[in-house]
Structures are given as C-alpha cells and as structure tokens.
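# Summary of structural features
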Amino acid sequence: MEKVRRALNDSPAMRWAVLVLVGFVLSVNYYFYDAFSTLKDLLLKEFNFTNTDYGLFVSFYSIPNTFLLMAVIGGAILDRFGIRRTGFMFVFFMAFGALLTAYGASDYYSAGGPGYGLMASFLPNYSPELKMMLLGRFFFGLGAETSIVVVSKILVKWFKGKNLALAFGLKVGFGRLGTFAALQVSPVVAGGGPNLTTAVWLAAILVLSGLLAFMVYMLLDAKLDKQVALTTPTAAPEKFSFKDLGVILSNRPFIYIVLLCVTFYSAVFPFVSYAPDFFADKFGFTDVQSGRVTSLLPIGTAFFTPLFGFIIDRYGKSATAMILGSLIVLGVHLTFAYTMVSPYIPVIFLGIAFSLVPAAMWPSMVKLVKDSRIGTAYGIMYSVQNLGLWGIPLLAGIILDKTNPGNPLVADYTMTILMFAGLGLVGLLFSLLLKFEDKKKAFGIELPLNKK
Ligand SMILES: C[C@H](NC(=O)[C@@H](N)CCCCN)C(=O)O
C-alpha cells in the first residue's frame, strides 16, 4: 500500500482553497441574513408589514437555535456524525429556508400559489406572505447557525496549529463581506420597489450556490479522511453523552466566554439593525449617509479581523484582546449616548472592537475543549448567543417606544443606546473574569495559537 506522507491539510495551498470554499458558504449565509435590512421600507409598503412584523421576521432566525436548542443539537450531531453528513443537512436547510422565504415574497405565491390558501386559513392578523416568509426564515436560521458551527469545525480540522486564528479571522471576514455586499447590492437590485422580489430571489439563489460549494468541499473532506486513515489508526466517533455536556458546562473559562459572547454580540449586531435610523435621527443624516457610515463596520472588520487573528496566532494575548474589545464597545456606546462627536469616529472604534473580540474568542475554544467535542461547544455558544440576538432587538424597540411616546418622526435614542452600553459593561466584566481565571489555572488562553 502506498504510504501517504503529506496529507491534504499539510499543503498551504489546499488549506487556503478550503478556506475560500467554506468562506463562500458563510458569505452567502450573511448576505441572506442582512439582505432584508435595506429592504425594510419596501417590505412594509409592498406587503403591508408593520414594524413589528419586520422585527418578528428578523428574530425568527433565532427561534430554532434558542428555543429548540438547534445549534447545540446540531453541534452534537456534528461531533457524532461528522462534517460531511451534518454539513450537507444544515446547509440544505439553510438553502431550503432561503428559497421558501423568496417564494413567500413572490408574485406567484401572492396570486394564490401552492400553500397560500393554507397560510390564509389561520391567524388572520398576519398575512399569508408574512407567514410563509417566517417559515422560510425559521428553516434558514435552523440551517445557518449550525452551518457556521460546521465551518468552525472544518477550520479546526484543517488549520489547528497552522494559523488557526488567522483562518478564523478570514472566516469572519468572508461573513462580513457578505453583509457588506447585501447592504450595497440588495437596494440597487430592488430599484426602489419594482424589483423587490428579484432582490429576494437573488439572495436565495446565492444561498443555493453555497450548497453547491459545500458539496465540492465534501469531496476534499472525504479525501483528507482517507489519507488520515492510512497513517493514523482511526478511532470510532465518540457517542454523544450528557456527561460530555456536563464537562463542557463545568469549565469556568468556557462559561465566561459564552457569557461574553452573548453580551458582546448583543451590544453590536442588534445595534447595527438600528444604527441607520439612529444616525438619521441623532445627526440628521440622509438614508444614503446613514447607510454609508453603517457599512463601514462590516467592510472594516473584514480586513481587521484577519489581521488581529494573524497577530494572535503569533503573539497570543486572546484574553487581553477580549478585554480591550469590550472596553472599546462600552466607550463607543457612551460616546453615542452622550456626545455629538461625528459618528464616523466611534464607528471606526466599534469596527476595531468588533474585530478584536471575534478574532480572539472563537479560536480560543481549542484551548478549552477537545477537538471531538468542539462542535458541541460552538453549538452551545451559538444557542446562547441567539437568545441575545432574539431578545435584544425586541428590547431595544420596546425602550425606544417607551422613551418616545407618540411615535415622533425623530426619536431620542439615549436610553436605547445606554442599554447597549450596559451590555458592553457586563461583557467587560466577563472578559476580566476570563483573564483572571486563566491566570489562576493556566489554561493557556493568553498563549500564541501557533504553538502545538
Ligand atoms: C462568527 C460570528 N457569527 C455569529 O455570531 C453568528 N451567530 C451571527 C449570525 C448573524 C449573521 N449576520 C461572527 O459573525 O462574528
């Protein structure tokens, strides 16, 4: 038998090719997630959606992951059944959900296409279009979050000990490019209304092409597994057990990272959903100016996250990076709440924080959890994080309504932004606890990742 000396993941070119392939899957995922934010007004006009309907549509993404714990279950399935089977299943759900959403927004459906009658037969306060789109968003969210967990496990498999943080940074960069493209392309395709459906179909077809890209990756993954099996005796996949869950959940630094994950991301992602309106109301910006300043965030982080990942691979200091990032988020929200400093400056700082924390947080997991349980660990992180992504946008809307009785055209965002600052402060506390715990018990979170 021919002995395999170099496996596929020993080749830097193959590793980067894999990164581009799975990065594309992530880009289309983020594109679809964010494509609707610039279409909000058009959805309101075209389908008679209320603001609450729109909020419901956005937050439906998180329902399977939070309330049905789908990301945890998906992560456990991933650890048990492997990357190919699990990845295909969840990327398929993501594409199915995207196509269902586009179908719900299509003229064919509105004209009484299959399923319209059924959707019209219950909850008459919600339109059949909204109900079909909510169902699509549900399946999209169910597939999308676990597919991010799958991509994370793929990166650990190919890059552990070989620029893993850089790879994670680039992964996040691919996602942000998807968001940036969605903010730029979606409104142009929609053309102010007449092509709204085309903009939604384009987003769905992009997700479908992500499924094809994942199938190409499956061929490489199978080849790598075959090579590894020739050189290393393969252990049977470990069965999922609740004891493992207990081991992960009793790991203190893991818990601090999960809590930082939910508070930090809740202070950023939901803020971004309100940012264009906030900039317009507080600084008198036009829609175009508000969109421009908001889109600085994804494009800036697309470059900074890999850069910080590169630094963390070589010099470590992940816990310190998380503290610094949390501190910046707090400072940025206080600046937004209490000053009239040009928003371009705090947004640039927010971009630095939004690069520092993800670049340090996600790859740190390999220091705390064994590879065979990494899917479960990321699944837990995503499920808890989704609780924030579901609840905080709703809370922000409630605070906004309560502090602006009578729904004035220009809203005062001070209390809403202070709520985001509060989340930043709690996140800072968890990042400090993480560093303290690491110092006490030497988990190695501050060490460079390129050390085996
Ligand atoms: C890697 C991390 N991803 C997430 O937090 C996802 N749960 C976000 C999904 C929302 C997509 N706009 C990140 O993007 O930093």
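Values in this document were obtained by computation on a predicted structure and should not be read as measured data. (Residues numbered from 1 in each chain as written. Predicted model: local features only at pLDDT ≥ 70, side-chain atom pairs only at ≥ 80, totals over all residues. Heavy atoms only, no water.)

### Let's talk about a nonpolar patch on the surface
A surface patch of nonpolar side chains, about 510 Å² in accessible area, is lined by Leu296, Val341, Tyr344, Ile345, Ile348 and Phe349. By residue number, the principal contributor to the nonpolar patch is helix H16 (residues 344–364), which donates four residues. Residue position: phenylalanine 349 is located in helix H16. Looking at phenylalanine 349, the relative accessible area reads 44%, which means it is partly exposed. (Patch = residues over 30% accessible without salt bridge, like charges linked within 9 Å, V, L, I, M, F, W, Y side chains within 5 Å. Areas by Shrake-Rupley, 256 points an atom, 1.4 Å probe, with all protein chains shown as cover. Salt bridge = Lys/Arg side-chain N within 4 Å of Asp/Glu carboxyl O. Helix = DSSP H or I, 4+ residues; strand = E, 2+ residues; numbered from the N terminus. Buried < 20%, exposed > 50% of the residue type's maximum accessible area, 1.4 Å probe, protein only.)

### Remarks on the side chain of threonine 179
Secondary-structure assignment places threonine 179 in helix H10 (residues 164–190). At 2.7 Å, the side chain of threonine 179 forms a polar contact with the side chain of aspartate 34. (Polar contact = N/O pair within 3.5 Å; in protein donor to acceptor, adjacent residues only side chain to side chain.)

### Let's talk about the site of the ligand
Surveying the vicinity of the ligand reveals the residues Tyr30, Tyr33, Asp34, Tyr61, Glu145, Ile148, Arg176, Tyr265, Phe269, Trp362, Tyr382 and Gln385. In the environment of the ligand, a nitrogen atom lies 2.8 Å from a nitrogen or oxygen atom belonging to the side chain of glutamate 145. Within the side chain of glutamine 385, an N or O atom sits 2.5 Å from an oxygen atom of the ligand. Taking 410 Å² as the accessible area of the ligand by itself, protein coverage stands at 100%. Judged by its atoms lying within 2 Å of the grid points, the ligand is housed in the largest cavity. Tallied by class, residues from the shell around the ligand come to eight nonpolar, one polar and three charged. (Near = heavy atom within 4 Å. 1 Å grid on protein atoms, 1.4 Å probe; cavity = no way out; pocket = protein on both sides within 12 Å on 5 of 7 lines; lining within 4 Å. Sits in = over half its atoms within 2 Å of the grid points. Nonpolar A, V, L, I, M, F, W, Y, C, P; charged D, E, K, R; others polar.)

### Remarks on empty space enclosed by the protein
Applying the stated rule across the entire model yields three cavities of 30 Å³ or more. The volume enclosed by the largest cavity comes to roughly 230 Å³. Considering the residues around the largest cavity, the lining is formed by 17 residues, among which Tyr30, Glu145, Ile148, Phe269 and Gln385 are closest to the centre. Every element with two or more residues in the lining of the largest cavity is listed here: helix H1 (12–34), helix H9 (128–159), H10, helix H13 (252–283) and helix H17 (374–403). (Points joined across faces, edges and corners; volume = space filled by probe spheres on them.)

### Re the environment of phenylalanine 310
Inspection of the secondary structure puts phenylalanine 310 in helix H14 (residues 287–315). In sequence terms phenylalanine 310 and serine 152 are 158 residues apart; their C-alpha atoms lie 17 Å from each other.

### Brief notes about the pattern of salt bridges
Per the stated rule, a full pass over the model turns up nine salt bridges. Two residues, aspartate 225 and lysine 157, come together in a salt bridge whose shortest N-O distance is 2.8 Å. With aspartate 225 in helix H11 (residues 196–231) and lysine 157 in helix H9, this pair connects stretches of sequence that are 68 residues apart. In this structure lysine 157 comes out as partly exposed when scored by relative accessible area, which is 28%.

### Quick word on the packing of aromatic side chains
Inspection of the entire model under this criterion finds 39 aromatic pairs. When the ring of phenylalanine 271 is compared with that of phenylalanine 420, the centres are 5.8 Å apart and the planes differ by 80 degrees; the resulting orientation is edge-to-face. Pair noted here: phenylalanine 271 is in helix H13 and phenylalanine 420 is in helix H18 (residues 414–441), with a separation of 149 residues, a long-range link. This pair shows no difference in class: phenylalanine 271 is buried, exactly as phenylalanine 420 is. Members of the aromatic cluster, joined through ring pairs, are Phe271, Phe278, Phe279, Phe283, Phe285, Phe336, Tyr344, Tyr413 and Phe420. Residue placement shows arginine 137 over the ring face of phenylalanine 57; its charged tip is 4.8 Å from the ring centre. Above the ring of phenylalanine 310, the side-chain terminus of arginine 314 is found at 3.9 Å from the ring centroid. (Phe/Tyr/Trp six-rings, centres within 6.5 Å; stacked < 30°, edge-to-face > 60°. Lys NZ or Arg CZ within 6 Å of the ring centre and 35° of its normal.)

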